[in-house]
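An overview of the molecular structure
One-letter residues, chain by chain:
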Amino acid sequence: MRIEEDVIIIGAGSAGLTSALYLARTKFKFAIFEKEMVGGKLNIITQIDNYPGFPSIDGFSLILNMKKQVEALGVKISKELIKGINKNEEGFEIVCENNTYLTKSLIIATGSTTKKLGIINEDKFVGKGISYCAVCDGFFYKNKEVVVFANERKGYLEATYLSNLVSKLYLVSDKNDDDYEGNLTNLKKMNNVEFLSPFKIKEFIGVDGLEAVKIQNLENNDEKILEVSGCFPFTGDIPSNYIFNQLGLDQNRGFIKANFNMETNVPGVFVAGDIVDKPLRQIVTACGDGATAATSAIKYLNKLKK
Ligand SMILES: Cc1cc2nc3c(=O)[nH]c(=O)nc-3n(C[C@H](O)[C@H](O)[C@H](O)COP(=O)(O)OP(=O)(O)OC[C@H]3O[C@@H](n4cnc5c(N)ncnc54)[C@H](O)[C@@H]3O)c2cc1C
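Bear in mind the structure is a predicted one, so any value in this text is a computation, not a measurement.

Parameters at a glance
Residue positions are given per chain, counted from 1 along the sequence in the order it is written. Residues qualify for local features only when their pLDDT is at least 70, as the model is predicted, and side-chain atom pairs are given and counted only at 80 or more; totals for whole chains, interfaces and linings, by contrast, use all residues. Think of the side-chain values as coming from all heavy atoms in the structure, minus any hydrogens and water. Note on pairing: two strands pair once DSSP finds at least 2 bridges between them. Secondary structure elements are taken from DSSP: a helix is a run of H or I of four residues or more, a strand is a run of E of two residues or more, and numbering for both begins at the N terminus. Angular values range over 0 to 180 degrees, each being the angle between N-to-C directions of two axes fitted as lines to C-alpha atoms, with helices fitted over their stretch in contact. Near is defined per residue: the residue qualifies when any heavy atom it owns lies within 4 Å of the molecule or strand. Any N or O atom pair separated by 3.5 Å or less is treated as a polar contact, with the protein-specific requirement of one donor-capable and one acceptor-capable atom, and with residues adjacent in sequence counted only for side-chain atom pairs. Nonpolar residues are Ala, Val, Leu, Ile, Met, Phe, Trp, Tyr, Cys and Pro. Charged residues are Asp, Glu, Lys and Arg, and all others, Gly as well, are polar. The split into domains, and so the bounds of each, comes from an automatic or database assignment of domains. Residue contacts are defined here by distance: any two heavy atoms, one from each residue, within 4.5 Å place the two residues in contact. A simple way to read buried area is as the amount of 1.4 Å-probe accessible surface that goes missing from two parts once joined, with both sides added. For salt bridges, the criterion is a side-chain nitrogen of Lys or Arg within 4 Å of an Asp or Glu carboxyl oxygen. Here the angle decides the label: under 35 degrees means roughly parallel, over 145 means roughly antiparallel, 65 to 115 means roughly perpendicular, and every other value means oblique. In this scheme the handedness of a crossing depends on how the near helix is turned from the far one: anticlockwise by less than a right angle means left-handed, clockwise means right-handed.

**What to know about the sheet that holds strand β13 (residues 223-227)**
A sheet is described by the order of its strands in space; here three strands give the open sequence β11-β12-β13, paired in antiparallel fashion. This sheet does not close on itself; its edge strands, each paired only once, are β11 (199-206) and β13. Each neighbouring strand pair of the sheet contributes to a mean axis angle of 25°, computed without reference to strand direction. Across seven bridges, β11 lies against strand β12 (residues 210-217) in antiparallel orientation. Paired with Phe-199 across the bridge in β12 is Asn-217.

**Let's talk about the site of the ligand**
Around the ligand lies a shell of 31 residues, among which Glu-34, Lys-41, Asn-50, Asp-274 and Ile-283 are the nearest. Between the ligand and Lys-35, the relevant distance is 3.2 Å, taken from a nitrogen atom to a main-chain nitrogen or oxygen of the residue. Elements that contribute at least two residues to the shell around the ligand include exactly α1 (14-23), β2 (30-34), α5 (153-163) and α7 (283-305). A class-by-class count of the residues in the shell around the ligand yields 12 nonpolar, 11 polar and eight charged.

**What about the domain arrangement of the protein?**
Its domain assignment divides the protein into domain 1 (2-113 + 237-305) and domain 2 (116-234). Distance from the C-alpha centre of domain 1 to the C-alpha centre of domain 2: 33 Å. Facing five residues of domain 1, the contacting portion of domain 2 comprises six residues. Between domain 1 and domain 2, the buried area comes to about 440 Å², and carbon and sulfur atoms account for 55% of it. Among the residues domain 1 hides against domain 2, the three largest losses belong to Ile-44, Thr-46 and Asp-237. Together they make up 74% of the total. Linking domain 1 with domain 2 are zero salt bridges, by the criterion used here. Within the side of domain 1 that touches domain 2, the residues separate by chemical class into two nonpolar, two polar and one charged.

**Things to note about the packing of α1 against α7**
Describing two packed helices takes the angle between their axes plus the distance from one axis to the other. The geometry of α1 relative to α7 is characterised by a closest axis approach of 7 Å and an angle of 40° between their N-to-C directions. Classified by the interaxial angle, the pair formed by α1 and α7 is oblique. Crossing geometry of α1 relative to α7 is assigned as right-handed. Two secondary-structure elements touch here, α1 through Ser-14, Ala-15, Thr-18, Ser-19, Tyr-22 and Leu-23 and α7 through Ile-283, Ala-286, Cys-287, Gly-290, Ala-291, Ala-293, Ala-294, Thr-295 and Ile-298.

And the structure:
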């Protein structure tokens, strides 16, 4: 079945849902597709203290509010796995498992995912001792010993969350100097946190699940084995850009470049949220991008009609 839309939004995180909110108040026909869970990363955030209007709220409640708000305007969020996008003379063809959608314009709001370390046994022990989300899996390590590998803000935040649950936390880092907003200093003050730097993780050891983590000192190559039940590696995010490769979008390390109107170098393609090449990836900036991208898409469609 081929279905025609004016705009297709890919991704129903905070960025995509905000674009939907703005488009739902116009005459344009649009669809919003989500491959996993509506809300994206909000699903894993236990406490948000920096979203205006909500002094403190958990991610799930914020999603419910956002979802209710768009659904009240008649928006239906469709579960679709997008397999590819082709550009043609009329616009874009979005190829999903069962349907092909034709659209005049596109808002990419696909966010990002966590980067893996790519070392021995990592894939084997995911879910059996290795996790990339403290908030999702931290509870399983309550009163146990864990390693957190962190060298950036997100990792320090996750380590802070875990330090309140576990009996002992080894904070392993390959650098010493990136103390974002004092998170590292605060962690060093916790009496159950031992800081090991500069070290890298060399190997995950175990039979059916993780039993220990081998780390190596980057200055003298000395190795240590830490016997732990869990390991949480945090080394940054990977942009979810794999389906857009054929579009020829300008990128920086896989994050899509846009001007302040959220327009990309390809006419008709707009971006919003964590997938954008930008300095601050937060809910409030994702929502701001979503609103701007929708407004730009509306202007683009109005021009096409003339
Ligand atoms: C642990 C953690 C704590 C955080 N804490 C805060 C905080 O306190 N305050 C704050 O402001 N920000 C915080 N952030 C950052 C914030 O969560 C993100 O900046 C924001 O949620 C990004 O929204 P987004 O819509 O761009 O992306 P996402 O939330 O990643 O949503 C993208 C959506 O697109 C979907 N998608 C991807 N590819 C496809 C595809 N091919 N087809 C269909 N759908 C697709 C994904 O499944 C996902 O649902 C935190 C992030 C993390 C990881």
